[in-house]
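Topology and contacts: notes
Listed below are the residues making up each chain.
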Amino acid sequence: MNIRLGLFDSGIGGFTVLKRVVERHGDISCVYLGDLARIPYGSKSPSEIRLIAMEVIKWLINQDISAVLIACNTTNSLALDIIERFTEIPIFGLVDSGVELICGNNIGVLATPSTVASKFYTKKILEVKPEAVIFEQPCQGLVELIEADNTTNKEIQGLVNQYLNPLLEARVNEIILGCSHYPLILPILKELLPSGVRLIDPALG
Ligand code: DGL
């Protein structure tokens, strides 16, 4: 069967997901939409994100895709129902994949302010691990710096440090990278984290 996979994100973050798809499935045909006109999604209101999701899914369906991979945690968290209602083709998301990769019970989530405010990760984690203790950390401004390719500068390191501290104080053992842009700063995250803390990239699920 010939699959034509539609992926979307607000910008380059979804490429971290596309990369994993290509690694696994090689010659699969993909259409990728990076919505640079409206980035960042993660500081928009739920109604704006839902409206964008509707427009994006309409555009993708017109590209004759046969499945959708929502390469954006923010849209996955706030507008999955809209996308599911709009089309009958298979839809895959990062949140479920991330949750599947959890091993322990003390879980941190780094994500955009809108994703954290939705509490979608917490809801999904508790569905499979009712005993889990979850700490979600909003990371205002991180996506903008990553998009600007400022991944090595002091500003981004300071911001990442500031966002990791509350998770470390909460003694999490695992941290879900709840925004597809964050795998692009993996070296910074690894440098700042103690070796006992496991990072989870939902795109590997
Ligand atoms: N990369 C997206 C996510 O996974 C959206 C980032 C943004 O535009 O704020 O949530």
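What comes next concerns the included structure.

1. Observations regarding the sheet that holds strand S5 (residues 106-111)
- Pairing in this open sheet of 4 strands is parallel, and the strands run S6-S5-S7-S8 from one edge to the other. The open sheet has two free edges, formed respectively by strand S6 (133-138) and strand S8 (198-200), since each of these has just one partner strand. Neighbouring strand axes in the sheet, compared pairwise and without regard to direction, differ in orientation by 25 degrees on average.
- Direction of pairing for S5 relative to S6: parallel, over a ladder of 6 bridges. By the bridge assignment for S6, Asn106 is matched with Val133.
- Each of S5, S6 and strand S7 (174-178) is contacted by helix H6 (residues 120-128), which is oriented at about 160 degrees to S6, the strand it contacts most.
- Each of S5, S6 and S7 is contacted by helix H8 (residues 154-169), which is oriented at about 165 degrees to S6, the strand it contacts most.

2. Quick look at the site of the ligand
- Around the ligand, a shell composed of 14 residues is seen, among which Ser10, Tyr41, Gly42, Thr74 and His181 lie nearest.
- Between the ligand and Asp9, the relevant distance is 2.9 Å, taken from a nitrogen atom to a side-chain nitrogen or oxygen of the residue.
- One of the backbone N or O atoms of Asn73 is found 2.8 Å from an oxygen atom in the ligand.
- Contact with the protein chains covers 99% of the free accessible surface of the ligand, which is 300 Å².

3. What about the packing of aromatic side chains?
- Using the criterion set out here, one finds 1 aromatic pair in the structure.
- Ring centres of Phe15 and Tyr32 lie 4.4 Å apart, and the angle between their planes is 20 degrees; on these two criteria the pair is classed as stacked. On the criterion of sequence distance, the pair formed by Phe15 in helix H1 (residues 13-25) and Tyr32 in strand S2 (residues 29-34) is long-range, its members being 17 residues apart.

4. What about the environment of Glu136?
- Within the secondary structure, Glu136 is located in strand S6.
- The class for Glu136 is buried, based on a relative accessible area of 9%.
- The spacing of Glu136 and Gly104 is 32 residues in sequence and 15 Å in space, taken between C-alpha atoms.
- Excluding anything up to four places from it in sequence, Glu136 contacts Val109, Thr115, Val116, Lys119, Tyr121 and Thr122.
- For Glu136, the side chain forms a polar contact with the side chain of Thr122, separated by 2.5 Å.

5. Some remarks on helix H3 (residues 73-86)
- An ideal rise of 1.5 Å per residue puts 20 Å on 14 residues; H3 measures up with 18 Å between its terminal C-alpha atoms.
- The sharpest bend along H3 comes to roughly 80 degrees, located at Ala79.
- With 10 of 14 residues buried, H3 is to be regarded as a mostly interior element.
- Here H3 has its buried residues at Asn73, Thr74, Thr75, Asn76, Ser77, Leu78, Ala79, Leu80, Ile82 and Ile83.

6. Notes on the side chain of Asn73
- Note that Asn73 resides in helix H3.
- A polar contact is formed between the side chain of Asn73 and the backbone oxygen of Gly178, at a distance of 3.4 Å.

Parameters at a glance
Residues numbered from 1 in each chain as written. Predicted model: local features only at pLDDT ≥ 70, side-chain atom pairs only at ≥ 80, totals over all residues. Heavy atoms only, no water. Pairing = 2+ DSSP bridges. Helix = DSSP H or I, 4+ residues; strand = E, 2+ residues; numbered from the N terminus. Axes fitted to C-alpha atoms, helices over the stretch in contact; angles between N-to-C directions. Contact = heavy atoms within 4.5 Å. Near = heavy atom within 4 Å. Polar contact = N/O pair within 3.5 Å; in protein donor to acceptor, adjacent residues only side chain to side chain. Areas by Shrake-Rupley, 256 points an atom, 1.4 Å probe, with all protein chains shown as cover. Phe/Tyr/Trp six-rings, centres within 6.5 Å; stacked < 30°, edge-to-face > 60°. Buried < 20%, exposed > 50% of the residue type's maximum accessible area, 1.4 Å probe, protein only. Expected span 1.5 Å × (residues − 1). Bend = angle between axes of the 7 residues up to and from the residue.

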